Amino acid sequence: MNLIGEKISYKPDEQFHLNDVSFNFKKGNLYTILGRTLSGKTTLLKTIAGLLNPDQGSISFEEKDFIKIPVWERNVAMVYQQFINYPHLNVYENITFPLEQRKLSPEQIKKDVDEALKTVGLVGFENRKIQELSGGQQQRVALARSLAKKAKILLLDEPLVNLDYKLREQLREEFKRIFSEGLSQDTILIYSTTDPQEVMELNGEVIVLDEGKVLQKGPAKEIFENPSNLKVAEISNDPPMNVLKGSKNSKNLNFENISLEIPNHFKNLEDKDYNFGIRASEIKLDENGEEFEIELAEISGSETLLHLKRGNSKIIALIEEVMNFKIHEKVKINFNANKFYAFGEDEKLVSSPYGGTNG
Amino acid sequence: MSKLYTFLKYFFITFWTVFVVAPFLWAVSTSFKDFQSVNSKVTYIPWLDFEPTLEGWRVLIKSPAKGGVDIVEPYFNSIFVTCTASLISIVLGTLAAYALSRFTFKAGFVRNNDITFFFISQRIMPPIVLSIPFFIFLSTIGLLDSLLGLVVVYIVLLMPIAVWIMVDFFNRVPKELDETALIDGCNPYQAFYKVVLPNSIPGLIVAGMFCIIFGWIDFFFAFILTFTEVQLLPVKVVALNSSITPWWSLSASALVSVAPLIIVAFIVERYLSKGNLSGALK
């Protein structure tokens, strides 16, 4: 009864948009697809919706060959990153549109639409024109239309990306609530995003996609704690995880003329060259630390992002207060050695502070 | 600064209004004159300057046997040919434009843009180039000097305009709108007429207006492809001109000729001024 995709490839031009993608989505679960722009997220969702036909591979749902069923008979719902609604219809008519298309009874339609309007918080907006609504409200209408359909597969393609920061935070909170109470156990929810924070907050099963390929699958916590390779570590962290080329010997970790004491989880590691990974948040300002040069300081909200340089290495440190720095100034920082990752020279995870060593 | 701007603004608006409206008023005034009032001296205002007469207007509805030039029949011929050809052009042109905007065509080196250009290239050629082929074509299928033949020729002339305008319009309607309609349970035909078409009304109005204008004002093909059986208004109006130029009836016929366009412009203006053209979709 699952939505199963096997070895799906889509290559409309020189490049693979999807390359050998397989998945097994179970009903009642939330799946997030994490990847940078142009990684194939939208293509994957459109393939599931039926708007694109893959060149190779199969999709089946409830034991039926999904590819043979045209879009309009698949009973899926999709919310786009652009706010797509029917401009010639008002809010209420927008939400009833798919229901009337399925020829439900007027009583049923009214009940479903009222419920959906309540869920997304748009009661009282029924007769508004779409053009009169703000971006956030337009996206709520699109979401309400998808919810009212009670589709068995609900696809959300970066639904928050075009909203401003404040609204995004607010809607993200609401999404969590809507997903937990507004959906039946019969629904498969697939949510694509570029934002690692959304993935962690939604806390579903994650598929990390890059250049059309699946890099890693697993629960959000697992992706965060044990990214299987450098690419995943980069994609699943914002700012991306810092990478420092260095080596380990029996006593120390060495990189850029810095020696650190070996943390416990590296004790059993072979002595050789590694790519060490450390999150921006695990770097602190410290009078007794190592000297780095500031290349750029960005203040975002209540935090400061410091772009630092030493030798050939460039790193980003996340300082949890607003501070003013001068460019080219020297600062001293300290690394939290217990949170170091080690990736082999083939970029695969060798050791993680959370115990993962999946190669 | 803003005062000067306001002054210039109103100055140019006034200037332009006078520039556009004066010839109309002149024609209105002239249409009520007779030979003597036109040729004696410059006169403007009826009753004050000259004695108005309805002779210029009467000539237009009198039968030729009574010394008139009956433009009633050509008038309805023109309305029929223009409306029929415009309607068919809009229907076919919109369908063609939708296909060109949404689907990818490949035939050898020919792509969508080439097909669109092919349509508009029909309008790039000077009409005179097309006149002989059209003449031979119509005489071969026996439609020379007939309303149907004119409708066929006008469709050829008007459809490129409809295609050109509608392709541009559909390209600005996001593809995701059609996709959403498909996902919401419409088959491709329903997606077109339930979602895309209702959102294309401003484009349809503009395309329709251009078709009507270009169809209505055509003189060249109406002149070449008709003789005695069927006549269109522009040809008849020009035919008024004899050894003595009858300025009064020429003015009257010019006024009744532009009347339909003015009416269309006033109807369409409501839609244009509402900002519906750009505001319907972003």
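Residues numbered from 1 in each chain as written. Chains lettered and ligands numbered in written order. Predicted model: local features only at pLDDT ≥ 70, side-chain atom pairs only at ≥ 80, totals over all residues.

Chemist: What's the story with the overall build of chain A in this structure? I'm lost.
Modeler: Helices and strands together make up the secondary structure of chain A, namely 8 helices and 20 strands. Judged by the C-alpha coordinates and their principal axes, chain A covers about 75 × 45 × 35 Å. Once local pairs closer than 6 in sequence are excluded, the contacts in chain A between residues at least 24 apart make up 65%. (Helix = DSSP H or I, 4+ residues; strand = E, 2+ residues; numbered from the N terminus. Contact = placed C-beta atoms within 7 Å.)

Chemist: How do you make sense of the sheet that holds strand S14 (residues 273-278) of chain A when you look at a structure like this?
Modeler: Note: strands within a sheet are paired through backbone hydrogen bonds, in either parallel or antiparallel orientation. Residue and element names in this part refer to chain A. Overall, antiparallel pairing links the 6 strands, which are arranged S13-S12-S11-S14-S19-S20 in an open sheet. Of all strands in the sheet, those bounded by a partner on one side alone are strand S13 (258-261) and strand S20 (349-351). Across the sheet, the axes of successive neighbouring strands diverge by a mean angle of 40 degrees, strand direction being ignored. (Pairing = 2+ DSSP bridges. Axes fitted to C-alpha atoms, helices over the stretch in contact; angles between N-to-C directions.)

Chemist: I keep staring at the sheet that holds strand S2 (residues 18-25) of chain A and nothing clicks. Help me out?
Modeler: Residues and elements named next belong to chain A. One open sheet accounts for 4 strands, arranged S2-S1-S4-S5; its pairing is antiparallel. The outermost strands of the open sheet, each flanked by one partner alone, are S2 and strand S5 (64-65). Taken strand by strand, helix H1 (residues 41-49) contacts strand S1 (3-10), S2 and strand S4 (56-61), and its axis lies near 60 degrees from that of S2.

Chemist: Would you mind going over the interface of chain B and chain A with me for this structure?
Modeler: How big an interface is tends to be stated in terms of accessible area lost as the parts join. Contact residues are listed per partner, giving 17 residues for chain B and 18 residues for chain A. With 6 residues, the single largest contributor to the side of chain B that touches chain A is helix H8 (residues 175-183) of chain B. Of the residues assigned to the side of chain B that touches chain A, the class counts are 9 nonpolar, 5 polar and 3 charged. (Nonpolar A, V, L, I, M, F, W, Y, C, P; charged D, E, K, R; others polar.)

Chemist: What should I look at first to understand the packing of H8 of chain B against helix H9 (residues 188-196) of chain B in this one?
Modeler: Each packed pair of helices is defined by two parameters, the angle between the axes and the distance between the axes. All names here are of chain B. Where H8 meets H9, the axes come as close as 9 Å, and the angle between the chain directions of the two elements is 120 degrees. Judged by the angle between their axes, H8 and H9 are oblique. For the element pair H8 and H9, the recorded crossing hand is right-handed. Taking contact as the criterion, the partners of Leu177, Asp178, Ala181 and Leu182 in H8 are, on H9, Ala191, Lys194, Val195 and Val196. (Parallel < 35°, antiparallel > 145°, perpendicular 65-115°, else oblique. Left-handed = near helix turned anticlockwise from the far one by under 90°.)

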